Amino acid sequence: MDGVLLEVDGLEVGYGLPVCPPIDLRVGAGEVVAVIGSNGSGKSTLLRTVVGLLEPLNGRLQMFGADLDERSTGFRAAVAAELGDEAFFPTLTVREHLLLTCYGHGVDDPDGVTDYQIEVFGLTERANALPSALSSGQRRRLALAAAFARPRSLMILDEPEQRLDATIRGALGGWLVEEREAGGSVLMATHDPELLIRTATKVLVISDDEIRLVGPERGVEIIRHEL
Ligand SMILES: Nc1ncnc2c1ncn2[C@@H]1O[C@H](COP(=O)(O)OP(=O)(O)OP(=O)(O)O)[C@@H](O)[C@H]1O
């Protein structure tokens, strides 16, 4: 188990019935695993199961060498998940959301980290805005900024490229490369071949009849020509 953060064997995910074949997967330190497949293939369902929002239907799911317990302090400290739910406090500003995240996760310099994330996510002019006054892409930026503001060893992201403009999408690719190079791990669903080729170390392909692990180049071909 050394260096393996997430380990699944014969994992069946779904809503009463499985949405795809059983999944085997390891995510190790410093790996970025992209999950690809056509719309409705089961990518989000897998990610929601891995963060404990859905019960596995069958199989083995281990995080940090133990059965998944999403309520444990260890899990909450280590796993930064952004699955597109974007549940914000309606009366807290952009800045206050990030400060709250930093304080909640024991960040050393909450003000400095908050200021940095606001700047790099291009939210400076909206720092004092409430979520209801943000554009959809700005809400996406805020949700991702919160994931990057806190300490973590595993990021779980569902189509993080969605609704981002080209500038922030490009920056996101760079931050995920930095994450990997610093020994962090990422499990992310994506439809974006550029994000995949820049960041992924391996690719899990979900389809109706099989689950495959392929390399990044093959993953790009599959996104471009087979989905
Ligand atoms: N809450 C739910 N209850 C029942 N079925 C669901 C539910 N959510 C999703 N599904 C179904 O499960 C299957 C897998 O959906 P999922 O959202 O995991 O697909 P996806 O690969 O993430 O797709 P996309 O690329 O469109 O985001 C789909 O057939 C979908 O209709």
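The shown structure was predicted, so the numbers you read here are calculated from the model rather than taken from an experiment. (Residues numbered from 1 in each chain as written. Predicted model: local features only at pLDDT ≥ 70, side-chain atom pairs only at ≥ 80, totals over all residues. Heavy atoms only, no water.)

A. Spotlight on helix α4 (residues 110-120). Taken as a whole, α4 has its buried residues at P110, T114, Q117 and I118. Looking straight down α4, one finds that the buried residues subtend no more than 100° of arc, so they occupy a single side. Next to the buried residues of α4 lie α3 (94-104) and α5 (136-149). Immediately beyond the C-terminal end of α4, within one or two residues, lies G122, with a positive phi of roughly 65°. (Buried < 20%, exposed > 50% of the residue type's maximum accessible area, 1.4 Å probe, protein only. Helix = DSSP H or I, 4+ residues; strand = E, 2+ residues; numbered from the N terminus. Arc of directions from axis to C-beta. Contact = heavy atoms within 4.5 Å.)

B. Examining the sheet that holds strand β11 (residues 202-206) more closely. The six strands lie next to each other as β8-β9-β10-β5-β11-β12, forming an open sheet whose pairing is mixed. Because the sheet does not close on itself, it has two edges, and the strands there are β8 (79-82) and β12 (211-214). In this sheet, neighbouring strand axes are inclined to one another by 15° on average, regardless of whether the strands run parallel or antiparallel. Across five bridges, strand β9 (residues 154-158) lies against strand β10 (residues 185-189) in parallel orientation. Bridging across to β10, M155 finds its partner in V186. Along the sheet face, helix α8 (residues 216-225) touches β5 (32-36), β11 and β12 and points at about 130° away from the line of β12. (Pairing = 2+ DSSP bridges. Axes fitted to C-alpha atoms, helices over the stretch in contact; angles between N-to-C directions.)

C. Structural view of the environment of L68. Looking at the element boundaries, L68 is found in the loop between β7 (66-67) and α2 (73-78). Not counting residues up to four positions away in its chain, the partners in contact with L68 are T49, V50, V51, G52, L61, M63 and F75.

D. Molecular detail of the sheet that holds strand β6 (residues 58-63). Read across the sheet, four strands follow the order β4-β1-β6-β7 without closing on themselves; strand pairing throughout is antiparallel. If you trace the sheet from one side to the other, it starts and ends with β4 (23-28) and β7, each paired once. Two strands pair when backbone bridges link them, and β6 and β7 are joined in this way by two bridges, in the antiparallel orientation. Each residue of the ladder has a partner; that of M63, found in β7, is A66. Helix α1 (residues 43-50) contacts β1 (4-12), β4 and β6 of the sheet and is inclined by roughly 60° relative to β6.

E. Representation of the site of the ligand in the model. Neighbouring residues of the ligand: Y15, V19, S38, N39, G40, S41, G42, K43, S44, T45, E159 and H191. At 3.2 Å, a backbone N or O of S41 approaches an oxygen atom of the ligand. One of the side-chain N or O atoms of E159 is found 3.1 Å from an oxygen atom in the ligand. Protein chains bury 55% of the 640 Å² of accessible surface belonging to the ligand in isolation. For the shell around the ligand, the element with the highest residue contribution is α1, accounting for three residues. (Near = heavy atom within 4 Å. Polar contact = N/O pair within 3.5 Å; in protein donor to acceptor, adjacent residues only side chain to side chain. Areas by Shrake-Rupley, 256 points an atom, 1.4 Å probe, with all protein chains shown as cover.)

F. Representation of the packing of aromatic side chains within the structure. Within the structure shown, the criterion is met by three aromatic pairs. Taken together through their ring pairs, the aromatic side chains of F121, F148 and W175 make up a single cluster. (Phe/Tyr/Trp six-rings, centres within 6.5 Å; stacked < 30°, edge-to-face > 60°.)

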